[in-house]
Structure formats: structure tokens, C-alpha cells
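Coordinates in review
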Amino acid sequence: MSRRMEPLQERITKRLTRREHASLLKDLLEWFDEGGSKKVKDEIKRQIELIRKD
Amino acid sequence: MVDPFHITEITIEGFRGINGLLPLQFDDKSIIITGKNGVGKTTILQAIEWCLLGKCAYMEQDEFGREDAIVNMFHPDKKARVIMRLTDGKRNYELTRERKVGKSTKGKSELLLSNEKENYGGTEAEEKLAEILGISQEQFYAATYLRQESIRDFVVGNAETRSKVVDELLGLETLRQLSECIPLKEVETAVRKAQKEVKDIEETKFQALELARKKLTDYTDELRKKGFTEKKLTTGNLVLMAKSISDDLIDTASTMQIQAPKFETAAESLSSLQNAYRKLSDYFHDIDEKRFEVFENAQRTRANHQKYFDKYVETLDKLLEFKEQDPAKLQDKLDKTTEQKEETERDRNEVIDLVDFLNGEKATLKSLATESDKAKSKLKKLVDKYGSVEQIEKAVEKFDEETKNETRLKKEIGAYTQLLKSAVDYLGEAKPDKCPVCSRPIEHTSLRKELLSHITKAEETKIAKIDEKIDALKDSKKEYRDASSDIEELEEQVKDLEGQLLSEAEETEKKAKIKLKKPVEDHLTKLIGDLKDSARKLDDKVRGIKDSLFEIEKQLKPLKKALDEKEKLTEEIQEELDTKDTESKLKETLQRQIKREDSEIEKLKKIGDRFPSLRETLSNFKEILEYLAEEQRIRKLDEEIPGAKEKVDVLNKQSEKLQELFTGLSDISDALRTEKDSILKSTLDKLQSDISSYYSRILAHPYFVNVQLTPEEDKKGSVYRIVAYDDAKRFSTYVQTRFSNAQTNVTALSLFLAMAGATTSRLGILVLDDPSQSLDTEHKKALAKILADESKVKQVILATQDEEMTTLVEAATPRTQLKSITIQAWTHDHGPELGS
């Protein structure tokens, strides 16, 4: 994740109701940083598929 | 000017309407480009746009894809090139964008970016430029470049595009994109799907097993009630039952004289037994239907034959009542009597015709006699008066003779008078004293007088009387001639009438075959009376014959009807039974047939008695089959249960994980929204304050004095609406719905200027193309003042053909901050021609 996303990650993390969601937020921001909205959507879809294949 | 980048110099060549080289020095100042329409002002602004972004937003329509609108079509190298120098006071960059003519406006261009130390080209140059200026295309069009044709677009155009730009300006775009791209619905759907799969397995396996067990218990209870022990509830027993049912069916079919199909022995498997049940059940229903049909037919036929029998017996009995009557004799009598009746009627008609004829003849003869008498009477009167035709001829001759004599006398008197006239003339002329004949002395005057007197007397009396007599003779002659003609005519008429009378009388005698006696009329009257009596007698005779005929018909009609009925019925029965028998023999044949049919019906009834037991056996077979199928299903479900339990565990785990993902994403989504709302709250206030400030400075709406960007949530996410409020903020309206063109333009300018102030980019220019359109002097003044203020912090580049606006801007802006460029004209060879 690029440095420009770090302040945003910090601000949003503070607003999460459960601390365990912080790592998901980190993943989400990384995906967004890498490929924008499309990458976020694709990755979440991939997560769903991975869970369903378990 | 320091900090944000601004333009110090731009050189344009081969771009749109600029064919030659157009170098423009901006000298670190704001620029106002003036000139009439079509001289190339907007082209200079488009050159700035193209050089920075590599595109011109205005050129999006379909037609721009059909030819190259960027490269000047007369440029010798067929190449467009814009060189622009930028500086922020510390760093200097030179941008060179160029491209060769292509088939479309949308063709790619090449950017070169350089400073004292570095050179960049292609994608690297584009990225470097974006990094240096920190501006997106959307920001450029919303807060840097206010295009002539889009001045109102930002207000009245698409709310989503506007919202994207506002979010970018407020630094909320990343948060917006992140919020919008989290597919919460898809994750939620995946959770629900996994949960549904668990529910489906529970319903189809666990609950189904429980239901099947209950059903099996019900089947067992039912079958035990019917006396089926556990031992009987087997496939082996069903095989035996199938054999027994098929044997019964074949036997029944054989009794009914039907060819039965071949039933194969069922195997000890459920599918084979189910197949066997289907075949046996189908065939059972087929022959049951057939039996019913045959039974119905037999009963119908038997009832029909019984009806024939009863009717035939009744018909024969009825004929016995006419035993003594011979229909042939009766018919002969009827024919003869009919003939007699017709003959009598003919005679009677002849008499009536003759009476009519004689009555007619009587009238004719009477009329002819009357006419004849009249003619005779007239003739007699004429003959009495004038005599016969011969006598009249003689009288006429006499009249002619007398007329001749009178005429001669008249001539003689005429000659004498002429002689006297000659003597008078002589005496008058000669006046002699002696007579020229006898020479005696005469007194000529008195003699002449006397002679004149003779002439007058002779002419006046004698000749007039003679003329009168001749006329009377002529009249008499004419009268006699007419009478003679009338007599001849009447004689002819009498002769003719007499002839007609004779002829009619002869014809009457001939037709009536009588000899007429005189007086004919009386004779005919008597004859007609006699004939009428005769006709009356014949009428009486006809009536008598008719009575006889009625009596004969009365006897013959029922006899003939009974005979016809018997004949018709005999034919029908013969055809039905295919026999030639008649009378009593036919009756016996019919009786025998009915007996046979009774026996057949009895046989069918006995066959029908087998069916309830067959039906019950089949029903039991089916129930045992269903019991065994349910038993097998339970066994199968029992086998599947461990696998299903395992699957449910897996699905439950998946569901939990998906639920976790959903909860996490929901939490993140909420956090993003909260963060966005927080930033929005702190930054939007400033932007709204700026919008209202500009809006009120450019003299806005008389009632809706405040304009604000208001965030609203709709189906597609959050959007910014442009809402105007009254002074007390009691009433509001969307600007698009109520504002005039000029008021909408003012709103657009206010938004543009406020957003330009809010932009975080490092490009410090403000490009405005003809911003004063639709504005009156007061609005223009206010705008000129604002632009003058803006030129203190940004490089304002303004193009306008509005001379008033130019004057106002030049008056409001210090000369140290503003440079005016005037374009005098446009030429084909060069393009814009600058003024001095």
C-alpha cells in the first residue's frame, strides 16, 4: 500500500467498531490503491468464492 | 505571482484555425483576449486545454470522429503543435504537445515535458504533468476552465458528474469510491444462499426422513387392518400377487372373447413391480371399460328387440280386426265411385256451361233484334217522307229540269236587259227624234227614262226571284240525295243485323243442339230454366257420391295404415335379424333372439362380479408397493443422513465466515461514511459560504438570495443538489426548476469561482470563455470586479467578444496584473491576426 493511503487507513481504523476488522480494512485499502474500485469488487468476490469452496 | 503554476508563454501552430505560428507572451499576468466572433479567441483557450489534457471536451460528438478537427487542414506539415511554458516561480517547465493529422479528432497526441534538468516523453510525460499539477480532468473542467458552451452545464447537467467533481474538490473522492465499491449486497446474498442451502438440506433430508417414517407407520397400520402380516409385505409376495392378477385378467378377457396381452413375470425389484402394477392396472381399466361398453350395448340391443317384438305383435293383432274386409275390393269400389263422381261433375259442369252460353246468346240476340228494329223504324220514316230510292231519283231529276229552265229564263232576262241598256246608251248619245228601225218620231228623253225603268224592274225583281228559286231547288236536291243515302245505309244495316241474328241463331242451335222456335227469346228462357233444373239434380247426385266415397275411405284408411305399418316393421326386423321370415315365423325368430340376448346379459353380469375383487386386489398390491417404496426411501435417507450432516456443518461454517466478512465490510462501510460526513461537515461549510458570497456579489435572484450545494442520498449514492433559499431560509427551490437563463449563468459562475477557490491543484490558472453571456451591465460589473480580485491570486485567462465586458475588466484590474491581447481579424493563411 502506498504511503498516501496510510493517513486514511489510520483515520478509518479509529472509526471501526471492532478491532479485528482492521486487517480487512488494510486489505481493502491495498486493493483500492492497486486497482481502484474494480479491484476491490473483484477481490471481495474472490473472497466469497474462496469461502464457498472451503 | 508565486506558488501555483501559471502560463508565461504559449506558441500555437497548425492547431484548428491557426495555420501559421502564433506566439503569445503572457508576462506573468492575467490575460484578456478580445476580438469579434470567429477570429480565434476560443481556439487559443482550446490550445491551452489540449496542451494540458491532450483532448478538447467540446469535441465529443459523433461528427468529430469522422474527421480531424485538431490539425489545421492547410498546414504545410499537416501537424498541430502547442508549446506552453509553465512556472510556479521556482520551477519552469516546457510542454510540447503535437500530433499529425489523422482520420478522427480523437487521434492520440505526443507530449514532451522538459525543464532545465529532465526530459519526459509519452506516458511518462503525462504522468509527470499530472503529478506536477495535481489536477484531474473533472477538476480542470469544474474549477479551472469554464467553457463557453458548458457554462450552465454544471448547474443543469448530470448530478452524478457534479457530485464526483465536488467530492474531488473537497478531498472526498477516495472515500466516495471506497464506499460505493464495497459490494455489501453480494456478500449478504452469499450469506443468505449458504443459509438457504442448510435449510434445504434440513428440509429434504432430516425432515423428509421423519415424515417418511411416520408415513410408513400409517401404511403398516392400514395394511394390518386389512389382514396383511409382516410376511406378506414383501416383494416376493407382490410377485405372486402380480401373477395371480394377470391370470385373472387373462381369464376374464378370454370369457369376454378379447385377446389379452402377454404379461411378463415381474422380478423381485420395486421398479419391476411398479412397472408390472402400471401394466396390470392399465389393462384392468381397459377391460373394465370394454365390459361396461359391451354390457351397455347388449342391454340396449335387447331392449330394442323387445320393442320390435311388442310392436309387431300389436300390429298383427290390429290387422285381425279387419279380418272380413278385403282391401282390394274396397279399393276397386273406391276407384269406381271416384270415377262416377268425376263423370257426374263433368256433366253438371257441361250443363252449367251451356246455361252460361245460352244466357250470353239470349242477350246477344236480343240486342241485335233491338238494333234491327230501330233501323227498320228509321228507314220506314225516311221512305214515308221521301219515297223509295227510285222515287227520290226521279224527284232529283225533276229538280234538275226546273233549275235548267230557271237558269235559261235568267239568261233571257239578262239579254233583254242588255238590249235595253244599249238602247239607253244610244238614246243618251244620239238623242234621235226618229226611231232608227221604224223611223217614227220619238221623244228620246222620255223613252230613255222609260227604258231605264224597265231595266231596273227586270234586274231587281225577276232575276232575284229566279236566283231564289234556283237555291231552293238546290237545297231540295241535296235533302233528297242525303235521304237517299241514309235509306241505302239503313237498308244495308238492317240487312246486316238480320244476317247476324240468323247466324247467332244458327250457332246457338248448333252448339245447344236444339231447333229454336219463335219467339226465340221466350224459347231460350224456357230452355235455360230447364237446364238449371237439370244442373241442380246433378249437384245432388254428386253430393250423394261424395258421401259414398267418404264411407269407403273411412273403412279403407286404417286398414291401409295397419298394412303399411306391418310391412315397414317387417322390413326393419328382417334387416335387424338378417332373415326373410314373415308373420308368425318372424315373431318366433325375434323371440328366440331376445332369449339369446338375455343369456348374454346374464353372462356379462357374472363377469362383472369378478371386477370388485380384482380392483381390491390391485389396490392392495398398490398399497404394499407404496409401503415397500417408502421403506426403501427411508433406507436411502438413512444412508444419506451422515453425508448431509457433514454438508450442513460445512455450509454452516461457510455461512459464519461469510457473515463475518459481511459484518467486517459493513463496519468498514459505516466507518467510511462517518469519515466522509465528518470531512464534508468541516469543508462544505467553507465552499457553501464562498458560493453564497459570489452569488450575492454577482447580483442574484431577487427572492432566492442564497445558493448552496446540498448533499442528498439517493438510490445511486450521495449526490449534491444545487438548492436556492429565500433570505429567512423558509422556502427553497432547485435552481434548475425556477431560475432564468441569466440567473442560472450567475449560479454557474458562483459555483465555478467557489470551486476554483477550493481546488487543491497546483495549476493556478482560471480560464473563462465568454462568461458574460446573458448578463446585463450590473452583472458584468460585478463579475469584472470579482475577476479583478481573482487575478491577484490566480492567472485569469479570459476570452470575450463583449466590448463592455472588456472595458469593465480593464477598468477593474490594475495594468500590472492584466495584459490585453486583441485579435483584429482571422486569415486563412495565418489564422488570428493580432492588433498592435
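Here the structure is a predicted model, which means the values were calculated and not measured. (Residues numbered from 1 in each chain as written. Chains lettered and ligands numbered in written order. Predicted model: local features only at pLDDT ≥ 70, side-chain atom pairs only at ≥ 80, totals over all residues.)

Examining the overall build of chain A
In terms of regular secondary structure, chain A is built from 2 helices and 0 strands. Here chain A, with 54 residues, has 22% of them falling under the buried criterion. (Helix = DSSP H or I, 4+ residues; strand = E, 2+ residues; numbered from the N terminus. Buried ≥ 20, exposed ≤ 12 C-beta atoms within 10 Å, placed from the backbone.)

Observations concerning the sheet that holds strand S6 (residues 110-114) of chain B
Residues and elements named next belong to chain B. Overall, antiparallel pairing links the 6 strands, which are arranged S2-S1-S4-S5-S6-S7 in an open sheet. Each edge of the open sheet carries a strand with a single partner, namely strand S2 (18-25) and strand S7 (119-121). Strand-to-strand, the axes of this sheet are offset by a mean angle of 10°, without reference to chain direction. Both strand S1 (residues 6-15) and S2 contribute to a ladder of 6 bridges, which runs antiparallel. If you follow glutamate 9 over to S2, its bridge partner there is glutamine 25. Running at roughly 105° to S1, helix H1 (residues 41-53) makes contact with S1, S2, strand S4 (79-87) and strand S5 (92-100) of the sheet. Helix H2 (residues 122-133) contacts S5, S6 and S7 of the sheet and is inclined by roughly 55° relative to S6. (Pairing = 2+ DSSP bridges. Axes fitted to C-alpha atoms, helices over the stretch in contact; angles between N-to-C directions. Contact = placed C-beta atoms within 7 Å.)

Describing the interface of chain B and chain A
The interface of chain B with chain A comprises 22 residues on the first partner and 23 residues on the second. Looking at the side of chain B that touches chain A, the elements that each hand over two or more residues are helix H6 (173-181), helix H7 (184-225) and helix H14 (583-697) of chain B. Counting residues per element, the side of chain B that touches chain A draws most heavily on H14(B), which supplies 12 residues. Across the side of chain B that touches chain A, the residue classes tally to 11 nonpolar, 5 polar and 6 charged. (Nonpolar A, V, L, I, M, F, W, Y, C, P; charged D, E, K, R; others polar.)

Regarding the nonpolar core
Residue and element names in this part refer to chain B. Val187, Leu658, Ile668, Phe752 and Leu798 are the most contacted members of the largest nonpolar core, which totals 113 residues. Considering each element in turn, this core owes the most residues, 14 residues, to H14. Judged by nonpolar contacts, the second largest core, of 16 residues, contains Met241, Leu249, Phe284 and Ile624. (Core = buried A, V, L, I, M, F, W, Y, C linked by C-beta atoms within 7 Å.)

Overview of the sheet that holds strand S3 (residues 30-34) of chain B
Residue and element names in this part refer to chain B. Taken together, 6 strands build an open sheet; the order of strands is S8-S12-S13-S3-S14-S15 and the sheet is mixed. Looking at strand neighbours, the two that pair on one side only are strand S8 (145-146) and strand S15 (831-834), the edges of this open sheet. Summarising the sheet, S3 and strand S14 (residues 818-827) pair through 5 bridges and their orientation is parallel. Across the sheet, residue isoleucine 32 finds its bridge partner in S14, namely serine 820. Strands in contact with helix H18 (residues 803-812) are S3, strand S13 (795-800) and S14; relative to S3, the strand with the most contacts, it is inclined by about 160°.

A look at the pairing of S14(B)
Residues and elements named next belong to chain B. Two strands pair when backbone bridges link them, and S14 and S15 are joined in this way by 4 bridges, in the antiparallel orientation. From the neighbouring strand, threonine 827 faces S15, where its bridge partner is glycine 831. Here S14 folds back onto S15 in antiparallel fashion, the turn holding 3 residues.

So, the packing of H6(B) against H14(B)
Residue and element names in this part refer to chain B. The geometry of H6 relative to H14 is characterised by a closest axis approach of 9 Å and an angle of 150° between their N-to-C directions. Judged by the inter-axis angle, H6 sits roughly antiparallel to H14. In this structure, the crossing between H6 and H14 has a hand that is left-handed. Touching Leu175, Arg176, Leu178 and Ser179 of H6 are Ser669, Leu672, Arg673, Glu675 and Lys676, all from H14. Here the residues of the contact of H6 with H14 are counted per class, giving 3 nonpolar, 2 polar and 4 charged. (Parallel < 35°, antiparallel > 145°, perpendicular 65-115°, else oblique. Left-handed = near helix turned anticlockwise from the far one by under 90°.)

Observations regarding helix H10 (residues 327-386) of chain B
Residues and elements named next belong to chain B. Between its first and last C-alpha atoms H10 spans 88 Å; for 60 residues at 1.5 Å apiece the expected length is 88 Å, and the two agree. Listing the buried residues of H10 in full gives Glu361, Leu368 and Ala375. One or two steps after H10, the chain reaches glycine 387, where phi turns positive at roughly 85°. (Expected span 1.5 Å × (residues − 1).)

Re the packing of helix H1 (residues 6-15) of chain A against helix H2 (residues 22-53) of chain A
Residue and element names in this part refer to chain A. In the contact formed by H1 and H2, the axes pass within 10 Å of each other and the chain directions differ by 150°. Comparing the axis directions of H1 and H2 gives the class roughly antiparallel. For the element pair H1 and H2, the recorded crossing hand is right-handed. Contacts from Leu8, Gln9, Ile12 and Thr13 of H1 reach H2 at Ala22, Leu25, Lys26 and Leu29.

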